[in-house]
Each structure stands twice: as structure tokens, then as C-alpha cells.
Amino acid sequence: MSSTTLYPTLADRTFSGPNTALRNAVLVVAGSLALWLSAKLQVPFYPVPMTMQTFVVLVIGTAFGWRLGAATVALYLAEGAVGLPVFAGAPEKGIGLAYMVGPTGGYLLGYLPAAALCGFLASRGWDRRIATMALSMLVGTVVIYAFGLSWLGTVVGWDKPVLAWGLYPFVLGDLLKLALAAAVLPMAWRLSGGQPSASL
């Protein structure tokens, strides 16, 4: 069963007129700025500080839908590729394509299919219930790590502790972000008159 995602539903209720393309363009730019900001803000956590970027990536994909979500992430990556300091640690750790082919480049690349996949799942109604929203976030997170760890191992060598560097320190933070999204998105649907957030 196909359904709409959160942003088109709210936009159709809030705005009227033929300016859908302009509205979507503004949304994509705003989303790329949110990704930029989320890369720069660190939240104290254990065992390492965390950013909210993967949360923002997956929530954008979920709320915008797969097309707009993917377009937003693609714009963000393009901003970084041309040298804007949009990535975590930039410009201190490098900028542009040189940064993107570094050890963390696989995670950045993984943002694109992860956002699109979460958007697709949302279009099937997965964002309206706590359990399916949590599962959607988990699937998106796995996609990001699949790309990220594959590239990290290629760059640093598989004889290195790739999982200890690129996975284990971030699991607790990712579980927290998963739980947050699982609560927030169904709640947003409830507030908009959609499925009650308590429904599993």
C-alpha cells in the first residue's frame, strides 16, 4: 500500500497555489543547511561525543519522501564536493573531494541511499507507527554503516581494527537517535491528524 509522506501532507494543508517546484527547492536548500549544522554540533555522550547528522539524514529522507530526501542529501554532498566546509571536522581535516575520499567518505556516500530508502519506506506508511519507524531507522543506519565500514576498511586496511574505529563507539548514540525518531515521527503524524503515535 502506497501513501504520502509527512512533508507533502503538511505542505498541501498549509500552502496553496502552483508554486510546488519553488516550495520544494526551498525545502531542499533548507534541508542541506540543516545537514550542515548537524555536522558541526556535537552532543556530549558516551563513549564519544555524537553529532545528530545521521538522525537528520534519515529524518529528512523519511519526512520529505525518497525523491526530495535524496535530492537534499545530494545537494549537501555537492556543497561539500565543491569545497564548502559542510562536513564534520572541515576545514581543519580537509575540504572538497579530498575530504570525501578520506576514511569517512563511505559514510557520506551512504547517506544518499539511506535517505532514499527511509523515504521509500515512509511512503509505505512505516513512519506512522513506533515499531516500523524504529525499524526504518535501523535499516537506514545499517545502510550507512555498510558503505562507511566498507570504505574505511579499504582506505586504512582490513588488518586494522575497523569495527573498533568505525562502529562500536557510535552504537549507543545511534540507538538513542533511533528511539528519538521512532517517537517524533509518529507523534508528528498524530499532531497532523494522522495515525496515533502510540500505535505499534
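Residues numbered from 1 in each chain as written. Predicted model: local features only at pLDDT ≥ 70, side-chain atom pairs only at ≥ 80, totals over all residues. Heavy atoms only, no water.

- Within an unreviewed UniProt entry, the label attached to the protein chain reads Biotin transporter, and the organism entered is Mesorhizobium sanjuanii.
- Heading Subcellular location (unreviewed entry) of the UniProt record for the protein chain holds this comment: "Cell membrane".
- The Sequence similarities (unreviewed entry) field of the UniProt record for the protein chain holds the comment "Belongs to the BioY family." (UniProt positions renumbered as here; feature names shortened; annotations may be inferred.)

### Observations regarding the packing of helix α3 (residues 53–64) against helix α7 (residues 130–156)
Phase 1 of the analysis: Where α3 contacts α7, the axes come no closer than 10 Å and their chain directions differ by 120 degrees. What the angle tells us is that α3 and α7 run oblique. Remark: the crossing between α3 and α7 carries right-handed chirality. Each of Thr54, Phe55, Leu58 and Thr62 in α3 lies in contact with α7, whose residues at this interface are Met133, Met137, Gly140, Thr141 and Ile144.
Phase 2 of the analysis: In terms of residue class, the contact of α3 with α7 is built from 5 nonpolar, 4 polar and no charged. (Axes fitted to C-alpha atoms, helices over the stretch in contact; angles between N-to-C directions. Helix = DSSP H or I, 4+ residues; strand = E, 2+ residues; numbered from the N terminus. Parallel < 35°, antiparallel > 145°, perpendicular 65-115°, else oblique. Left-handed = near helix turned anticlockwise from the far one by under 90°. Contact = heavy atoms within 4.5 Å. Nonpolar A, V, L, I, M, F, W, Y, C, P; charged D, E, K, R; others polar.)

### Side note on unusual backbone geometry
Glycine aside, a negative phi is what most residues show, and trans is what most peptide bonds show.
Phase 1 of the analysis: With omega at 0 degrees, the peptide bond leading from Tyr46 into Pro47 counts as cis.
Phase 2 of the analysis: Within the secondary structure, Pro47 sits in the loop between β1 (42–43) and β2 (50–51).
Phase 3 of the analysis: Cis rather than trans, the peptide bond between Ala90 and Pro91 has omega equal to 5 degrees.

### Concerning the packing of helix α2 (residues 20–40) against α3
Phase 1 of the analysis: Put simply, α2 and α3 touch, their axes get as near as 8 Å, and they point 160 degrees apart. On the basis of their axis angle, the class for α2 and α3 is roughly antiparallel. α2 and α3 meet at a crossing whose hand is right-handed. Within the contact between the two elements, α2 uses Leu27, Gly31, Ala34, Leu35, Ser38 and Ala39 and α3 uses Gln53, Val56, Val57, Ile60 and Phe64.
Phase 2 of the analysis: Looking at the contact of α2 with α3 residue by residue, the class counts come to 8 nonpolar, 3 polar and no charged.

### Some remarks on the UniProt feature "transmembrane region" (unreviewed entry) in the protein chain
Phase 1 of the analysis: With numbering matched to this structure, UniProt assigns "transmembrane region" (unreviewed entry) to residues 20–43, 55–77, 97–122, 134–153 and 165–189.
Phase 2 of the analysis: Counted over residues 55–77, helix gives 96% and strand 0%. Its end C-alpha atoms are 16 Å apart.
Phase 3 of the analysis: Measuring from the first to the last C-alpha atom of residues 134–153 gives 28 Å, for a span that is 100% helix and 0% strand.

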